[in-house]
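# Residue-level structural notes
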Amino acid sequence: DAKTTQPPSMDCAEGRAANLPCNHSTISGNEYVYWYRQIHSQGPQYIIHGLKNNETNEMASLIITEDRKSSTLILPHATLRDTAVYYCIVRALIQGAQKLVFGQGTRLTINP
Amino acid sequence: KAGVTQTPRYLIKTRGQQVTLSCSPISGHRSVSWYQQTPGQGLQFLFEYFSETQRNKGNFPGRFSGRQFSNSRSEMNVSTLELGDSALYLCASRPTSGRAGEQFFGPGTRLTVL
């Protein structure tokens, strides 16, 4: 699985958009970008994933650059409950293989 | 549907003892994975079970073992506990037809080894 690089921490004001970057310059053509988050003392929670097109769901949007070497997770209207560690994971869509390789993630703090 | 449940939520053991942790996946999920989370090493994959068979294993010593039952419930066992085994142990499940990278995590078992 490709290695990812994320800033260790970020701050965002409540109600504003939180933009979390992730670099994955060694990503392969068959590898997807996944985002998870972990709120303090809870298990990680799946947010979104994508291959090369931008994706949006009820939680967030995922923007992947055309060369696929980086991506940005966007929380459009951050709330205090979005304070968490956000993990960007790159892995191939291999049926049967469940291993997720987590990096150190970005600790996002939403300020009132 | 109920989420992934893990028991116990907290556990205190002493060095040299052994411990068994339990995980009940979401109903209908047949794949169960285990992760260890420590402040120093972060989240690390332990192993994965599917239909009672270990399908993938992380880089952990043989003191760490697991199994899965016919109802998909899983247990992991750590023998001869060491201080460094103190960690949050997370279990995750996913349905057979789900997206390969989407896993549903339980709240974890926090193990403290004294």
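On a plain count of helices and strands, chain A comes out with zero helices and nine strands. Each helix and strand of chain A, placed in order from N terminus to C terminus, yields the pattern β-β-β-β-β-β-β-β-β. For 112 residues, the compact-globule formula gives about 13 Å, and the C-alpha radius of gyration of chain A, at 13 Å, lands near that figure. With the C-alpha coordinates of chain A rotated into their principal frame, the extents come out at 40 × 30 × 25 Å. Residues counted as buried form 46% of the 112 residues belonging to chain A. In chain A, the share of contacts with a sequence separation of at least 24, taken over all contacts with a separation of at least 6, comes to 57%. A total of about 5700 Å² of accessible surface is found on chain A, and carbon and sulfur atoms cover 49% of it. Across chain A, the mean location of the 10 positive side-chain charges is 5 Å away from that of the 9 negative side-chain charges.

Turning next to the sheet that holds strand 8 (residues 84-92) of chain A. Residues and elements named next belong to chain A. A sheet is described by the order of its strands in space; here five strands give the open sequence 1-9-8-3-4, paired in mixed fashion. Each edge of the sheet is formed by a strand with only one pairing partner; in this case those strands are strand 1 (9-13) and strand 4 (45-50). Strand-to-strand twist in this sheet, taken as the mean axis angle between neighbours without regard to direction, amounts to 25 degrees. Of the pairings in the sheet, the one linking strand 1 to strand 9 (residues 106-111) comprises five bridges and is parallel in character. Within strand 9, the position partnered with D11 by the bridge is T109.

On the side of chain A, 20 residues touch chain B, which itself brings 24 residues to the contact. In total, about 1800 Å² of surface goes out of reach between chain B and chain A, with carbon and sulfur atoms giving 50% of it. Summed over the shared surface of chain B and chain A, the number is zero salt bridges. Elements with a contribution of two residues or more to the side of chain B that touches chain A: strand 4 (31-38), strand 5 (42-50), strand 6 (53-57) and strand 9 (87-94) of chain B. A class-by-class count of the residues in the side of chain B that touches chain A yields eight nonpolar, ten polar and six charged.

Residues and elements named next belong to chain B. Residue P8 is bonded to the preceding T7 through a cis peptide linkage, with omega at -15 degrees. Locating P8 in the fold gives a position in the loop between strand 1 (5-7) and strand 2 (10-13). Unlike most non-glycine residues, E52 shows phi in positive territory, near 70 degrees. Assignment of secondary structure puts E52 in the loop between strand 5 and strand 6. Residue E52 is classed as partly exposed on the basis of its relative accessible area, which comes to 49%. At T80, a position not held by glycine, the phi torsion is positive, near 45 degrees.

Once that is clear, we can look at the pairing of strand 2 (residues 18-23) of chain A. Residues and elements named next belong to chain A. Here strand 2 shows a buried face lined by A18, L20 and C22 and an unburied face lined by N19, P21 and N23. Here six bridges tie strand 2 to strand 7 (residues 70-75), and the two strands are oriented antiparallel to one another. When the sheet's bridge partners are listed, P21 is paired in strand 7 with T72.

All names here are of chain B. Counting buried residues along strand 4, eight of its eight residues qualify, which places the element largely inside the surrounding structure. Covered by surrounding structure in strand 4 are S31, S33, Y35 and Q37 together with V32, W34, Q36 and T38, the residues of both alternating faces. Where strand 4 meets strand 9, seven bridges bridge the pair, whose relative direction is antiparallel. Bridging across to strand 9, W34 finds its partner in C91.

Here we take up the packing of aromatic side chains. Describing an aromatic ring pair means giving the distance of the ring centres and the angle of the ring planes. A full pass over the atoms with the stated rule returns eleven aromatic pairs over all chains. With 6.4 Å between their ring centres and 45 degrees between their planes, Y32(A) and Y34(A) make a pair best called tilted. Here Y32(A) and Y34(A) have matching classes, each one buried. Ring plane angle 75 degrees and centroid distance 6.2 Å describe the contact between F102(A) and F105(B), whose orientation is recorded as edge-to-face. Here F102(A), found in the loop between strand 8 and strand 9, pairs with F105(B), found in strand 10 (residues 104-105), and the two come from separate chains.

Examined against the element boundaries, L88(B) turns out to sit in strand 9. In this structure, the C-alpha to C-alpha distance between L88(B) and R9(B), residues 79 residues apart in sequence, is 9.4 Å. If sequence neighbours within four positions are ignored, L88(B) has contacts with Q38(A), Y35(B), Q36(B), Q37(B), P107(B), G108(B), T109(B) and R110(B).

Rules and cut-offs
Residues numbered from 1 in each chain as written. Chains lettered and ligands numbered in written order. Predicted model: local features only at pLDDT ≥ 70, side-chain atom pairs only at ≥ 80, totals over all residues. Heavy atoms only, no water. Helix = DSSP H or I, 4+ residues; strand = E, 2+ residues; numbered from the N terminus. Rg over C-alpha atoms; globule rule 2.2 N^0.38 Å. Buried < 20%, exposed > 50% of the residue type's maximum accessible area, 1.4 Å probe, protein only. Contact = heavy atoms within 4.5 Å. Areas by Shrake-Rupley, 256 points an atom, 1.4 Å probe, with all protein chains shown as cover. Lys, Arg positive; Asp, Glu negative; His and termini not counted. Charge placed at Lys NZ, Arg CZ, Asp CG, Glu CD. Pairing = 2+ DSSP bridges. Axes fitted to C-alpha atoms, helices over the stretch in contact; angles between N-to-C directions. Buried area = accessible area lost by both parts, 1.4 Å probe. Salt bridge = Lys/Arg side-chain N within 4 Å of Asp/Glu carboxyl O. Nonpolar A, V, L, I, M, F, W, Y, C, P; charged D, E, K, R; others polar. Phe/Tyr/Trp six-rings, centres within 6.5 Å; stacked < 30°, edge-to-face > 60°.

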